[in-house]
Structures are given as structure tokens and as C-alpha cells.
Amino acid sequence: MKLKKTQIALGLATATLSMAGALVSPQAVADAKVEALEAQVNQMSEMLQQMQSELSRVRDAASRSAADTAKVQELDEWAASVKANPASAAEKDHLFAVRGGWQRFNETRGSVGGPIPGTGINEDVLTSPTDEDAFYIGGAIDFNMNNNLFGLMDDTSFGIELGVEYAEIGDRKVNGLGTALGVPLQNVTVNMLRISAAPKIKFMHGSKFRPWLIPAGLDINIISPPSDAITVLNTGMQFGGGVDYDLFRGIVLGADVRYHESFDNIDGVETDGFSLGGSVGFKF
């Protein structure tokens, strides 16, 4: 009887445990599934972050590559333009010239006022009458400003000419003052220095043959000996024209004619007249 009771008790206990296990197992299974899903979600999140990082890296690399490609293309275009238009030496438009020629004055030295009444001596007593002809030598610098006349005319240059000329009017003429005082005759060289500044318009820029003109320029005349009033300086204007020819590698031959007009004579000394001459210039 005891054995049977024991077997019945064990059977009841086993049945109870089985029922408890049946009740606990679904909860444990659900928890396990949740943990597995969370692990998968975390893993997918990490993979997504890695994919986003890789995508960003690829985009950055592609952007840098596009920028590099644009730079390479720009350099190629620049190189092509340089090859199509090779650099050339800067054009030499300024000119230094030495010049000389013949000059003729409107009046001879000492003849402006005529003889002093009752003396037979010219009004310009410091120098006896001289020839109207003279020779001159000098030089000039042409500074080129532009090659389109300030946008008004194509192939037309505008510049400024600064010049200096020495003219010998009479070689050792008799000094009238020495004669008037009764002392031995004294010889003197009659000459003049002219300093000028003038605008210069040159046509046919780019051609070897270039005509030019000076519409109006400034002259400063210094005479020697001085006038009776001991005046040595006066001002005037010049007008002129000429041609230049580019002979070889910046060596320029020129010819010109000019007329010089003073605002007044120098206390009896006339300096008006015209000049005709030639020049040899060098571009720089």
C-alpha cells in the first residue's frame, strides 16, 4: 500500500512539474526571440552606418576627382591657347633720334630795327648783320602714349617729342659794339639754342613707313650774343611734319620740315624761320 502511495505521489509531482514547464516555456521562447531580433536590428544598424560612411567616402572621392578633372581641363585649355598665341617680345614704341639740317631765318641778325639814325650802326649793335641761313644739329626723344589716338583713330599713335637743337647762324661775325667804341674789332660766333616740347601724331602704326605731324608745339629760344637789351630768351611755337622709315631692327631714318614762329622778337632779334633736316633714330 505504501509503495502505491509513493508512486502516486511521484506521478503527481511529475505531472505538476510538466504543467509548470509547459507554462514557463512560451515566455522563455518569446524572450529569446526578442533578444535575437534586437541583435539583428543592432547588426543591421551597424551595417547601415558602415554603408553610409562608405557612401560618403565614395562621394568625397568622386567630388575630388571631378574637381581634379576640371583643373586638368582648364590647364589643357590654357596650354592650347598659349600654343595658339605664343608670347612675343614687347613692341618698342619710343624713339631716340639725332638730327641735323638746314635752317633759314626770316630776318638777318641786326636788321630788324635797321641802322640807328645818324650812326650807320644797326639797332642790334652787339652783332653785325648775319646771313639768313644756318645749319643745326640736335636730338630728340619721342615718348609714345598710345596707338589709337585716345580711342579716336585706329593705327594712329600719339606721343610727346622733347628736343634740343643748336643752330650756328654766323661764324665769327664782327661785333658791332667793338666798332662803335673805336676799339679793335672783336669777332663773335652768332648762335642759338632751341629747346622744344611738342605733341606728335604718327599714322600707319605697324607699318615701316610712318608719316607724322606736329599740330603745335612749344619752343624756347636762347640766343648768343644777347640782344641790345641783354635779353637772351624768348618763347614761340613750332608746326611741322615728316616721315619715318624703320630701316632695320629698330633703326629709323627720318626727314622733316618745321616752321618756328615766336610770339615776339627778342628786343630787336628775330628768331622766326623754317628748318629742313633728317634724322637717325633708335627705338627703345
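Our subject in this report is the structure included herewith. (Residues numbered from 1 in each chain as written. Predicted model: local features only at pLDDT ≥ 70, side-chain atom pairs only at ≥ 80, totals over all residues. Heavy atoms only, no water.)

**A closer look at the overall build of the protein chain**
Inference 1: Scanning the protein chain for helices and strands turns up two helices and ten strands.
Inference 2: Secondary structure elements in the protein chain, listed N-terminal to C-terminal, are α-β-β-β-β-β-α-β-β-β-β-β.
Inference 3: Every one of the 284 residues in the protein chain was classed for burial, and the buried ones make up 29%.
Inference 4: Intrachain contacts of the protein chain at a sequence separation of at least 6 include 63% that bridge at least 24 residues. (Helix = DSSP H or I, 4+ residues; strand = E, 2+ residues; numbered from the N terminus. Buried < 20%, exposed > 50% of the residue type's maximum accessible area, 1.4 Å probe, protein only. Contact = heavy atoms within 4.5 Å.)

**Digging into the packing of aromatic side chains**
Inference 1: Counted by the stated rule, this structure contains two aromatic pairs.
Inference 2: The interplanar angle of 85 degrees and the centroid separation of 5.6 Å between the aromatic rings of Trp102 and Phe274 together place this pair among those described as edge-to-face. With Trp102 in strand E1 (residues 95-105) and Phe274 in strand E10 (residues 273-283), this residue pair connects regions lying 172 residues apart in the sequence.
Inference 3: For Trp102, a relative accessible area of 36% translates into the label partly exposed.
Inference 4: Note on Phe274: relative accessible area 31%, which makes it partly exposed. (Phe/Tyr/Trp six-rings, centres within 6.5 Å; stacked < 30°, edge-to-face > 60°.)

**Brief notes about unusual backbone geometry**
Inference 1: Between Ser224 and the following residue, Pro225, the backbone shows a cis peptide bond with an omega angle of -5 degrees.
Inference 2: Turning to its location among the elements, Pro225 is positioned in the loop between strand E7 (209-224) and strand E8 (233-248).
Inference 3: The phi angle at Leu149 is positive, at roughly 50 degrees, despite the residue not being glycine.
Inference 4: Classification of Leu149 as buried rests on a relative accessible area of 12%.
Inference 5: One non-glycine residue, Arg249, lies in the positive phi region at around 50 degrees.
Inference 6: Mapped onto the fold, Arg249 is located in the loop between E8 and strand E9 (251-262).

**Describing the pairing of E1**
Inference 1: Across eleven bridges, E1 lies against E10 in antiparallel orientation. Bridge pairing in E10 links Leu95 to Lys283.
Inference 2: Judged from the ten bridges that link them, E1 and strand E4 (residues 133-146) form a sheet pairing that is antiparallel. Of the residues in E4, the one forming a bridge with Trp102 is Phe135. (Pairing = 2+ DSSP bridges.)

**A word on the nonpolar core**
Inference 1: Ranked by size, the top nonpolar core spans nine residues in total: Phe105, Ala134, Ile169, Val188, Val190, Met192, Ile223, Ile266 and Val269.
Inference 2: Examining the composition of this core, we find that three residues originate from one element, strand E6 (residues 187-203), more than from any other.
Inference 3: In this view, Met192 contacts Gln103, Phe105, Glu165, Tyr166, Ala167, Ile169, Asn221, Ile222, Ile223 and Thr271; residues no more than four positions away in its chain are not counted. (Core = buried A, V, L, I, M, F, W, Y, C linked by side-chain atoms within 4.5 Å.)

**Details of the pairing of E7**
Inference 1: Here nine bridges tie E6 to E7, and the two strands are oriented antiparallel to one another. The residue bridging Lys202 from the neighbouring strand is Trp212, located in E7.
Inference 2: Linking two consecutive strands that pair antiparallel, namely E6 and E7, is a turn of five residues; a positive phi of about 60 degrees is found at Met204 within it.

**Observations regarding the environment of Gly217**
Inference 1: Note on placement: Gly217 falls in strand E7.
Inference 2: Spatially, the C-alpha atoms of Gly217 and Pro199 are 6.4 Å apart, while their sequence positions differ by 18 residues.
Inference 3: When sequence neighbours within four positions are dropped, the list of residues in contact with Gly217 reads Ala197, Ala198, Pro199, Gly236, Met237 and Gln238.

**Looking at the pattern of salt bridges**
Inference 1: In the structure shown here, the tally under the stated rule is 14 salt bridges.
Inference 2: Taking the shortest distance from any N to any O, the salt bridge between Asp219 and Arg194 comes out at 3.7 Å. Here Asp219 is found in strand E7, whereas its partner Arg194 is found in strand E6, with 25 residues between them in sequence.
Inference 3: Taking relative accessible area as the criterion, Asp219 reaches 1% and is therefore assigned buried.
Inference 4: Salt-bridge contacts for Lys283 lead to Asp246; the nearest nitrogen and oxygen are separated by 3.2 Å. (Salt bridge = Lys/Arg side-chain N within 4 Å of Asp/Glu carboxyl O.)

**Here's the deal with the side chain of Asp272**
Inference 1: Within the element layout of this structure, Asp272 appears in the loop between E9 and E10.
Inference 2: As a buried residue without a salt bridge, Asp272 has its nearest oppositely charged side chain in Arg194, at a separation of 6.9 Å.
Inference 3: Within the structure, Asp272 has its side chain in polar contact with the backbone nitrogen of Ser262 (distance 2.6 Å). (Lys, Arg positive; Asp, Glu negative; His and termini not counted. Polar contact = N/O pair within 3.5 Å; in protein donor to acceptor, adjacent residues only side chain to side chain.)

**With respect to the side chain of His260**
Inference 1: Relative to the assigned elements, His260 resides in strand E9.
Inference 2: There is a polar contact of 2.7 Å between the side chain of His260 and the side chain of Asp219.
Inference 3: Not counting residues within four places of it along the chain, the set of residues in contact with His260 comprises Arg194, Asp219, Met237, Gln238, Asp272, Gly273 and Ser275.

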